[in-house]
Amino acid sequence: MAETEFDLRDSRILVIDDEPDNLDLLCRALESAHYAVQIATSGEKGFALAMQSHPDLMLLDVIMSGIDGYVTCRRLKAQEITQDIPVIFLTGLDTASGVVEGFRTGGVDYVHKPFQKEEVLIRVQTHLERAQLIKASAQKRQALSELNAALEEKVAQRTQALQTKFEELEKRDQTAQHLLGVFKLHQTLKVLAATPLFQSLDETMLRDLTSELDSVFLPGGERLIQQGDVADALYVILNGRLRVVVEQADGQETAVAELGQGECVGEMAVLTEETRSASIDAIRDSNLVKLSKDGFNRFKQHNPQIVELIIQLLIQRIHNQNQQSTTRKANTGISVALFASGSDV
């Protein structure tokens, strides 16, 4: 037997022929090449033995008593367990029609009688190797398919794990954002409740007020309000520090007051169309809440007492300033910048 990359020794060969001399010749040739040989003397016996032993290759005589080789081959190819076994026909015929019929029934090759040992062994070896290659290829495809399936499963599991982790992180972030929002709301309510303008409002009214507020972050050194601009909102300082600056007739700016947590800026803005009487700068990073004129008007519809509170606060500021000032007249206008308890700018 010629050298091959496959170990074909002990491959099982089933020989089906009704001529004892042919069986003897083929058995001696195949056994010399270390194949395991089985024999059957008819198509019926060969079919039954093939179904039982599932050989690696069959040598099948075409002309036999009973069912011939073509019928036997068709029956073998119709069974799932034997349909892939290579069949080499044995024939004394040398007609094209016979050869074609053999291939149509599922045969892979022919060996013509009288047999030549080397030819038989070469053809047997060739088709055993071919069958081994097909089998190995199928096994590799199966292994690759299983590997791909395993990888896909791992990818799916990893993707699911990442998705779960992402959802957990997202949930934690949402929880953190909620807690931060609750904390900010609590801190805002606390500052508003301590602000002279809103300290007489109950908690329900304060919560209603927060729905109309916008958060404002003012970096240190930035200007919040420009003197002379049209007033459109009031501000409450949550934290940080602001400076009130007034521009003099000569264009020079003078710092006249500083404001801290809980103080208001620009109450008159929500009541009148007057321009700002001073500028406001951030001494350091500061957080404020802004109540626009529109927001104030919405809040006022359900809480009209807020107008009276603002007026009372402004009057109190004027009264406090007049008591502290020895130079100002009693009829000082509301639009003058007053900074005793806050700043109406």
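Preceding this paragraph is the structure being described.
Residues numbered from 1 in each chain as written. Predicted model: local features only at pLDDT ≥ 70, side-chain atom pairs only at ≥ 80, totals over all residues. Heavy atoms only, no water.

Caption draft 1: Quick look at the overall build of the chain. Along its length, the chain carries eight helices and 13 strands. Among the 345 residues that make up the chain, the fraction classed as buried is 39%. The long-range fraction of contacts in the chain, counting pairs at least 24 apart against all pairs at least 6 apart in sequence, stands at 68%. With an accessible surface of roughly 19,600 Å², the chain has 50% of that area assigned to carbon and sulfur atoms. (Helix = DSSP H or I, 4+ residues; strand = E, 2+ residues; numbered from the N terminus. Buried < 20%, exposed > 50% of the residue type's maximum accessible area, 1.4 Å probe, protein only. Contact = heavy atoms within 4.5 Å. Areas by Shrake-Rupley, 256 points an atom, 1.4 Å probe, with all protein chains shown as cover.)

Caption draft 2: The sheet that holds strand 1 (residues 12–16), seen in detail. Spatially, 2-1-3-4-5 is the arrangement adopted by the five strands of the open sheet, whose pairing is parallel. Looking at which strands have only one partner, the edges of the open sheet turn out to be strand 2 (36–40) and strand 5 (109–112). Along the sheet, successive strands turn relative to each other by an average axial angle of 20°, direction set aside. Two elements, strand 4 (residues 87–91) and strand 5, share four bridges in a ladder whose sense is parallel. Residue pairing in the sheet places Ile 88 in a bridge with Asp 109 of strand 5. Helix-sheet contacts for helix 2 (residues 43–53) involve strand 1, strand 2 and strand 3 (57–61), and the interaxial angle to strand 1 is about 165°. Where helix 4 (residues 96–105) meets the sheet, it contacts strand 4 and strand 5, and its direction lies at approximately 140° from that of strand 5. (Pairing = 2+ DSSP bridges. Axes fitted to C-alpha atoms, helices over the stretch in contact; angles between N-to-C directions.)

Caption draft 3: Here's a closer look at helix 7 (residues 293–302). Every buried residue belonging to helix 7 is among Lys 293, Gly 295, Phe 296 and Phe 299, and all of these are buried. The buried residues of helix 7 occupy an angular sector of 155° when the element is viewed end-on, so they sit on one face. With respect to the buried face of helix 7, the exposed residues turned more than 90 degrees away are Asp 294 and Gln 301. (Arc of directions from axis to C-beta.)

Caption draft 4: Quick look at a nonpolar patch on the surface. Together, Leu 144, Leu 147 and Leu 151 make up an exposed nonpolar region whose accessible area comes to about 270 Å². Among the secondary structure elements, Leu 147 is positioned in helix 5 (residues 117–194). Of the residues examined, Leu 147 reaches a relative accessible area of 47% and is grouped as partly exposed. (Patch = residues over 30% accessible without salt bridge, like charges linked within 9 Å, V, L, I, M, F, W, Y side chains within 5 Å. Salt bridge = Lys/Arg side-chain N within 4 Å of Asp/Glu carboxyl O.)

Caption draft 5: Representation of the pairing of strand 13 (residues 286–292). Across six bridges, strand 6 (residues 213–218) lies against strand 13 in antiparallel orientation. Among the inter-strand pairings, Asp 214 is bridged to a residue of strand 13, identified as Lys 290. In the sheet, strand 8 (residues 233–239) pairs with strand 13 via six bridges, with the strands oriented antiparallel. Across the sheet, residue Val 236 finds its bridge partner in strand 13, namely Val 289.

Caption draft 6: Region of the structure containing the nonpolar core. Counting residues in hydrophobic clusters, the biggest one holds 25 residues, and the most contacted among them are Leu 192, Leu 197, Phe 198, Leu 201, Val 236, Ile 306 and Ile 310. Put simply, the parts of the chain that give this core at least two residues each are helix 5, helix 6 (203–210), strand 8, strand 13, helix 7 and helix 8 (305–324). Considering each element in turn, this core owes the most residues, five residues, to helix 8. Core analysis: the next-biggest nonpolar cluster, separate from the first, contains 19 residues, Leu 8, Val 15, Phe 115 and Leu 121 among them. (Core = buried A, V, L, I, M, F, W, Y, C linked by side-chain atoms within 4.5 Å.)

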